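Here is how the chains run, residue by residue.
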Amino acid sequence: MHEWALAQAVVYTAIEYQRKEKLREIVELEIKIGELQQIDREIFEFALKEIVQLKKMTGMRVRVEKEEAILKCRVCGYQWSFADSMKRLSGEQAEFIHFLPEVIHIHSRCPQCKSPDFEIVKGRGVKITAIKGIK
Amino acid sequence: MNIDPRLNIIKERLRDVRRVVAISGGKGGIGKSSVASIGALILSKSGYRVGLLDLDFWGPSLDTILGIENIFPREEKGIIPPEIFAIKFISIIYYAGERPLPLRGADISNAIVELLAITQWGSLDFLIIDMPPGMGDATLDIIRLVKKVEFLIVTTQSKVVLETVEKMLRMLKDLKVPILGIIENMKITNSPFVKDWAKKFDVSFLGEINFDKNLETSIGNVDKLLETNFAHSLKKIMRF
Ligand SMILES: Nc1ncnc2c1ncn2[C@@H]1O[C@H](COP(=O)(O)OP(=O)(O)O)[C@@H](O)[C@H]1O
Ligand SMILES: [Mg+2]
Ligand SMILES: [Zn+2]
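Computed from a prediction, not measured in an experiment: that's the story for all the values here. (Residues numbered from 1 in each chain as written. Chains lettered and ligands numbered in written order. Predicted model: local features only at pLDDT ≥ 70, side-chain atom pairs only at ≥ 80, totals over all residues. Heavy atoms only, no water.)

What about the interface of chain A and chain B?
Reasoning step 1: In this assembly, 35 residues from chain A lie in contact with 33 residues from chain B.
Reasoning step 2: Taking both sides of the interface into account, the surface hidden between chain A and chain B amounts to around 3000 Å²; carbon and sulfur atoms contribute 65%.
Reasoning step 3: Of all residues in chain A, Phe99, Leu100 and Ile106 of chain A give up the largest surface area on contact with chain B, accounting jointly for 20% of the area buried on that side.
Reasoning step 4: Between chain A and chain B we count two salt bridges in total.
Reasoning step 5: Between Arg124 of chain A and Glu114 of chain B there is a salt bridge, and its shortest N-O distance comes to 3.0 Å.
Reasoning step 6: Connecting chain A to chain B are ten residue pairs in polar contact (both at pLDDT 80 or more). (Contact = heavy atoms within 4.5 Å. Buried area = accessible area lost by both parts, 1.4 Å probe. Salt bridge = Lys/Arg side-chain N within 4 Å of Asp/Glu carboxyl O. Polar contact = N/O pair within 3.5 Å; in protein donor to acceptor, adjacent residues only side chain to side chain.)

What to know about a nonpolar patch on the surface
Reasoning step 1: Side chains of Met186, Ile188 and Phe211 of chain B sit close together on the surface and give an oily, nonpolar patch of about 320 Å² of accessible area.
Reasoning step 2: Structurally, Ile188 of chain B can be placed in the loop between β9 (179–187) and α8 (193–199). (Patch = residues over 30% accessible without salt bridge, like charges linked within 9 Å, V, L, I, M, F, W, Y side chains within 5 Å. Areas by Shrake-Rupley, 256 points an atom, 1.4 Å probe, with all protein chains shown as cover. Helix = DSSP H or I, 4+ residues; strand = E, 2+ residues; numbered from the N terminus.)

Some details on the packing of helix α1 (residues 3–20) of chain A against helix α2 (residues 41–54) of chain A
Residue and element names in this part refer to chain A.
Reasoning step 1: Contact geometry for α1 and α2: axes closest at 8 Å, N-to-C directions at 45°. Classed by the angle they form, the pair α1 and α2 counts as oblique. Judged by the sense of rotation from one axis to the other, the crossing of α1 with α2 is right-handed. Facing Glu3, Trp4, Leu6, Ala7, Gln8, Val10 and Val11 of α1, the residues of α2 in contact are Ile43, Phe44, Ala47, Leu48, Glu50, Ile51 and Val52. (Axes fitted to C-alpha atoms, helices over the stretch in contact; angles between N-to-C directions. Parallel < 35°, antiparallel > 145°, perpendicular 65-115°, else oblique. Left-handed = near helix turned anticlockwise from the far one by under 90°.)

Thoughts on the environment of Leu162 of chain B
All names here are of chain B.
Reasoning step 1: Note on placement: Leu162 falls in helix α7 (residues 159–174).
Reasoning step 2: Under the relative-accessibility criterion, Leu162 is labelled buried at 4%.
Reasoning step 3: For the pair Leu162 and Thr228, spaced 66 residues apart in sequence, the C-alpha to C-alpha distance is 26 Å.
Reasoning step 4: In this structure, Leu162 is in contact with Thr155, Thr156, Gln157, Phe193, Val194 and Trp197, ignoring residues within four places of it in sequence. (Buried < 20%, exposed > 50% of the residue type's maximum accessible area, 1.4 Å probe, protein only.)

Things to note about α7 of chain B
Residue and element names in this part refer to chain B.
Reasoning step 1: Relative to the 22 Å expected for 16 residues at 1.5 Å per residue, α7 spans 22 Å between its end C-alpha atoms, a close match to the ideal helical length.
Reasoning step 2: Among all positions in α7, only Val161, Leu162, Thr164, Val165, Met168, Leu169, Met171 and Leu172 are buried.
Reasoning step 3: Contacts from the buried residues of α7 go to β1 (17–24), α6 (137–145), β8 (149–155), β9 and α8.
Reasoning step 4: The N-cap of α7, judged by a side-chain oxygen 3.1 Å from the amide nitrogen of Val160 a few residues on, is Ser158.
Reasoning step 5: Two residues or fewer past α7, Lys176 is found with a positive phi of approximately 60°. (Expected span 1.5 Å × (residues − 1).)

Bear in mind that shape data such as this cannot, by itself, settle questions of function.
Below you can see the structure in the form of structure tokens.
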């Protein structure tokens, strides 16, 4: 249930945004969850709902979208999707990446040149991509 | 728009932590991890509630010094640090094990943010952070993300070390980050050089720890560590 910690971060960020922008209400929040972190979407959305209630942000509609994780080798330039690497990971390795996506550099290699020196181009974790509010 | 929601929750995660102390210094191999781990033990033995966070991702060593094995955080609304010697302990070793972790700056920063955002420390009197050497991502991130951090600087009397420590002190002063003081470690002469040198920067010289040839054989054994001259000196510095 570490999804809960991330969901709480999302709601707290919306509250902080509302305060900073002096908004009367936030009506819509768009979130992308990166594939690399393998967030359990059901648990995440359940936690979001609960925290939204708790923080009385009930006017806020939350849209959650998945983002494909793309990795790119810094040595040979090859680019690939995490979904391909995922098949070669053990359950334990996948779990470690779930907690700390950066440990992918231990458990995966560039499929072309076998280097661990690759970049997480996108789809790492949770980010807020849009906030709509009313003044 | 692209907002990282994790940044906003870090303050909340550290809300009930009274003091955050980063153990830092210009170079590697000068005793930062030894001070962090044995210091945490001393605090915990004295009845304080202590957390210990290893942020040296390339060379995590607190687990080796304290002889920590086979523990793992529990998952509950985040991760709950396992307690060992009554210290709440978080390190990248839980997820990386003994394998080398080739991380660049942006990855290091991301991993630090993640750990700070998901770890539920609860109430603590002290959170001790073992820093990697120098002024890289970890140091800049801790300054950026943990507003209540105080730095404790470890040095030796070597000019080579003091030169980088001086840069560190100047940066911390410049950024108005509180500095608890300087500890001189691995002392092999009676020279007051470092103590005098510290006056230049208007930071407190907290005390000295002699080179302790019995430290190495006590590594991995907490009872032995606490009996070393290193630990006795550190206790005195911490006024216990
Ligand atoms: N006062 C001391 N006397 C003898 N050895 C020491 C002393 N302080 C540290 N050491 C040893 O020096 C090495 C580096 O110490 P460590 O705490 O890992 O430094 P750092 O974290 O700054 O890299 C370790 O082997 C440690 O046991
Ligand atoms: Mg160290
Ligand atoms: Zn490659």
